[in-house]
Amino acid sequence: MKIAVVILNWNGRKFLEEFLPGVIAHSKDIAEIIIADNNSSDASLDYLEKNHPRIRTIKLEDNFGFARGYNLALKQIEADYYVLLNSDIEVTPN
């Protein structure tokens, strides 16, 4: 069974810095973590490349908003289950 945790990001570097480490810590052994970037203009992608190079990143060519952004990203991900997670969510054990 393959699980994908998909986080849609748009100019959310501060949220990635604060909350992504918890997602990684509590999901890395059970799910693939994927960041779908809605054409951010902040340093989100630089932060991911420098600090989390093993996290898969899907770079969308425009800001497609919430629903279309996720739909475009999910078309590029193969999994049995998808967890759509906001970038400002704190993940805890269990």
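So, here's what we can say about the structure. (Residues numbered from 1 in each chain as written. Predicted model: local features only at pLDDT ≥ 70, side-chain atom pairs only at ≥ 80, totals over all residues. Heavy atoms only, no water.)

1. Section: the overall build of the protein
Piece 1. If you tally the helices and strands in the protein, you get 3 helices and 4 strands.
Piece 2. Each of the three principal axes of the protein carries a C-alpha extent, and together these read 35 × 25 × 20 Å.
Piece 3. Out of the 94 residues belonging to the protein, those deemed buried represent 39%.
Piece 4. Look at the contacts in the protein between residues 6 or more apart in sequence, and 67% of them connect residues 24 or more apart. (Helix = DSSP H or I, 4+ residues; strand = E, 2+ residues; numbered from the N terminus. Buried < 20%, exposed > 50% of the residue type's maximum accessible area, 1.4 Å probe, protein only. Contact = heavy atoms within 4.5 Å.)

2. Examining the pattern of salt bridges
Piece 1. Scanning the model with the defined rule gives 2 salt bridges in all.
Piece 2. Residue Lys 2 pairs with Glu 32 through a salt bridge whose shortest N-O separation is 3.4 Å. With a gap of 30 residues between them, Lys 2 in the segment before β1 (3–9) and Glu 32 in strand β2 (residues 32–37) connect regions that are remote in the sequence.
Piece 3. Assessed through its relative accessible area of 24%, Glu 32 is described here as partly exposed.
Piece 4. Glu 17 is the salt-bridge partner of Arg 13, the closest N and O atoms lying 2.5 Å from each other. Here the residue Arg 13 and the residue Glu 17 both occupy positions in helix α1 (residues 13–27), the gap between them amounting to 4 residues, near one helical turn. (Salt bridge = Lys/Arg side-chain N within 4 Å of Asp/Glu carboxyl O.)

3. Some thoughts on the pairing of β1
Piece 1. Extensive coverage of β1 is indicated by the burial of 6 of its 7 residues.
Piece 2. Sheet topology places β1 next to strand β4 (residues 81–85); 5 bridges connect them, and they run parallel. Bridging from a neighbouring strand, Val 5 pairs with Val 83 of β4.
Piece 3. In this fold, β1 hands off to α1, which returns the chain to β2; that crossover is right-handed. (Pairing = 2+ DSSP bridges. Right-handed = clockwise from strand over helix to strand, strands pointing away.)

4. Concerning helix α3 (residues 65–74)
Piece 1. Within the sequence span of α3, burial applies to Gly 69, Tyr 70 and Ala 73. Summarising the axial view, the buried residues of α3 lie within an arc of 95°, below the 170-degree limit, and thus occupy one face. (Arc of directions from axis to C-beta.)

5. Regarding the environment of Leu 85
Piece 1. Along the chain, Leu 85 turns up in strand β4.
Piece 2. Between the alpha carbons of Leu 85 and Ile 3 there is a distance of 13 Å; along the sequence they are 82 residues apart.
Piece 3. Those residues in contact with Leu 85 that sit more than four places away from it in its chain are Val 5, Val 6, Ile 7, Leu 8, Val 23, Tyr 70 and Val 91.

6. Describing empty space enclosed by the protein
Piece 1. Taken as a whole and judged by the stated rule, the model has 1 cavity of 30 Å³ or more.
Piece 2. Put simply, the largest cavity is a space of about 30 Å³.
Piece 3. In this structure, the largest cavity is lined by Ile 7, Phe 15, Leu 16, Phe 19, Leu 20, Val 23, Asn 86, Ser 87 and Ile 89.
Piece 4. Ranked by residues supplied to the lining of the largest cavity, first place goes to α1 with 5 residues.
Piece 5. Of the residues assigned to the lining of the largest cavity, the class counts are 7 nonpolar, 2 polar and no charged. (1 Å grid on protein atoms, 1.4 Å probe; cavity = no way out; pocket = protein on both sides within 12 Å on 5 of 7 lines; lining within 4 Å. Points joined across faces, edges and corners; volume = space filled by probe spheres on them. Nonpolar A, V, L, I, M, F, W, Y, C, P; charged D, E, K, R; others polar.)

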